[in-house]
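Residue strings, one per chain:
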Amino acid sequence: TALLMHNLGLSNRYEEAFMLANQLASDLPQITDKLARFTVLANLSQLMMFAGQTDLAIKYAHMMEETLPPGESLCNPLTLEVTALDKSGRLTSASPQLQEAIDTCLAAGQPVFANTMRLVRSDLYLFERQPAKAIELMQRTLPGINATGYYSHMRAVQGQLSLAYEQLGNDAEARKAALAVLAMSNPDEVSEWVRTSYDVLYKIEKKRGNAAASLAYYERYAAQDKGYLDDVSARTLA
């Protein structure tokens with residue numbers, strides 16, 4: 001049920017996903033099997049974060065720490081907690097929780113989770129207008145991301161690189177990274193990184209005085225932005 005709820009959320013079937021979330025939250029006191037409880041809490045935390053309910057997401061992550069099944073580490077719950085803190089604006093690039101999560105995940109042999117935390121840190125560097133630090137961290141992280149082949153990270157790191165190079169005024173590298181995101185994306189999907197890439201490309205072409213190209217990229221950015229806002233509205237309503 002927890003995995004079905006997760007997949008319904010990924011498929012934008014939010015009403016069904018949140019109905020299952022209510023059911024699972026009500027069932028929690030009766031779920032005593034450690035692995036089942038851990039899985040339910042992890043997916044509830046992720047869905048609540050997706051819905052912008054960060055305090056609930058953190059609460060469920062803390063509950064995971066109290067219900068570790070045999071062979072599990074604190075990596076997953078710490079990652080969820082840090083991600084929720086980031087979404088709620090309560091994290092900086094120097095927050096100790098970030099390094100604790102990275103170290104815990106590396107010790108547990110969980111490179112994908114560790115890379116998730118590194119991408120959170122590089123995103124915070126961008127928010128703090130420290131693009132050089134963001135690029136240095138991403139360049140160190142990129143070989144590990146390529147080794148795991150995790151699609152979400154492969155796209156995110158190129159999207160972040162495009163923003164970092166844009167902040168530095170390096171339009172050539174910003175354009176290259178933005179085009180790399182589009183090359184690995186479905187042109188019809190609504191995605192944060194596709195939207196970001198079209199925005200970067202629009203600004204670069206506008207700066208160069210290429211009116212036709214800048215307008216084309218802006219129209220694609222506007223379509224992505226509308227799709228994103230429609231999706232947020234659907235989540236909120238559900």
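Up top is the structure.
(A) Fine view of the overall build of the chain. Summing up its helical and strand segments, the chain has twelve helices and zero strands in all. Seen in sequence order, the chain has helices and strands lined up from the N terminus as α-α-α-α-α-α-α-α-α-α-α-α. Its C-alpha atoms give the chain a radius of gyration of 19 Å, within 12% of the compact-globule value 18 Å for 238 residues. With the C-alpha coordinates of the chain rotated into their principal frame, the extents come out at 65 × 40 × 30 Å. The buried share of the chain, taken over its 238 residues, is 44%. In the chain, the share of contacts with a sequence separation of at least 24, taken over all contacts with a separation of at least 6, comes to 56%. Accessible surface computed for the chain: about 12300 Å², of which carbon and sulfur atoms make up 53%. When the 22 positive and 27 negative side-chain charges of the chain are each reduced to one mean point, those points stand 5 Å apart.

(B) Here's a closer look at helix H11 (residues 192-208). Relative to the 24 Å expected for 17 residues at 1.5 Å per residue, H11 spans 25 Å between its end C-alpha atoms, a close match to the ideal helical length. Burial runs high along H11: twelve of the 17 residues are buried. Taken residue by residue, H11 has Trp193, Val194, Arg195, Thr196, Ser197, Tyr198, Asp199, Val200, Leu201, Tyr202, Ile204 and Glu205 as its buried positions. Residues of H11 that are buried in the fold lie against helix H9 (151-168), helix H10 (171-183) and helix H12 (211-237). Positive backbone phi, approximately 80°, marks Gly209, located one or two places after H11.

(C) The nonpolar core, seen in detail. Among the nonpolar cores identified, the biggest contains 37 residues, and Met5, Leu28 and Leu44 are the most heavily contacted of them. Of all the elements in the fold, those that place two or more residues in this core are helix H1 (2-10), helix H2 (14-27), helix H3 (34-50), helix H4 (54-65), helix H5 (75-87), helix H6 (96-107) and helix H7 (111-127). Here this core gets eight residues from one element, more than from any other, and that element is H3. Among the nonpolar cores identified, the runner-up in size contains 26 residues, and Leu126, Tyr198, Val200 and Leu201 belong to it.

(D) Inspection of unusual backbone geometry at higher detail. The phi dihedral of Asn12 falls on the positive side, at around 65°, and the residue is not glycine. Within the chain, Arg129 stands out as a residue other than glycine whose phi angle is a positive 60°. Looking at the secondary structure, you find Arg129 in the loop between H7 and helix H8 (131-148).

(E) Representation of the packing of H9 against H11 in the model. Where H9 contacts H11, the axes come no closer than 10 Å and their chain directions differ by 30°. By the angle between their directions, the pair H9 and H11 is classed as roughly parallel. In the packing of H9 onto H11, the handedness of the crossing is left-handed. Taking contact as the criterion, the partners of Arg155, Ala156, Gly159, Gln160, Ser162, Leu163 and Glu166 in H9 are, on H11, Trp193, Val194, Thr196, Val200 and Lys203.

(F) Structural context of H12. The terminal C-alpha atoms of H12, which comprises 27 residues, lie 38 Å apart, in line with the 39 Å expected from a rise of 1.5 Å per residue. Within H12, burial applies to Ser214, Tyr217, Gln224, Gly227, Asp231 and Arg235. Among the structural elements, H2, H3, H10 and H11 are those in contact with the buried residues of H12.

(G) How the structure looks around the packing of aromatic side chains. Following the criterion strictly, the structure yields four aromatic pairs and no others. Each ring, one from Tyr14 and one from Phe50, has its centre 5.8 Å from the other, and the planes form 55°; the classification is tilted. Here Tyr14, found in helix H2, pairs with Phe50, found in helix H3; they are 36 residues apart in sequence, far enough to count as distant. The exposure class assigned to Tyr14 is buried, which follows from its relative accessible area of 4%. For Phe50, a relative accessible area of 34% gives the class partly exposed. Aromatic pair Tyr202 and Tyr218: ring centres 5.0 Å apart, planes at 55°, arrangement tilted. With Tyr202 in helix H11 and Tyr218 in helix H12, this pair connects stretches of sequence that are 16 residues apart.

Reading guide: rules and limits
Residues numbered from 1 in each chain as written. Predicted model: local features only at pLDDT ≥ 70, side-chain atom pairs only at ≥ 80, totals over all residues. Heavy atoms only, no water. Helix = DSSP H or I, 4+ residues; strand = E, 2+ residues; numbered from the N terminus. Rg over C-alpha atoms; globule rule 2.2 N^0.38 Å. Buried < 20%, exposed > 50% of the residue type's maximum accessible area, 1.4 Å probe, protein only. Contact = heavy atoms within 4.5 Å. Areas by Shrake-Rupley, 256 points an atom, 1.4 Å probe, with all protein chains shown as cover. Lys, Arg positive; Asp, Glu negative; His and termini not counted. Charge placed at Lys NZ, Arg CZ, Asp CG, Glu CD. Expected span 1.5 Å × (residues − 1). Core = buried A, V, L, I, M, F, W, Y, C linked by side-chain atoms within 4.5 Å. Axes fitted to C-alpha atoms, helices over the stretch in contact; angles between N-to-C directions. Parallel < 35°, antiparallel > 145°, perpendicular 65-115°, else oblique. Left-handed = near helix turned anticlockwise from the far one by under 90°. Phe/Tyr/Trp six-rings, centres within 6.5 Å; stacked < 30°, edge-to-face > 60°.

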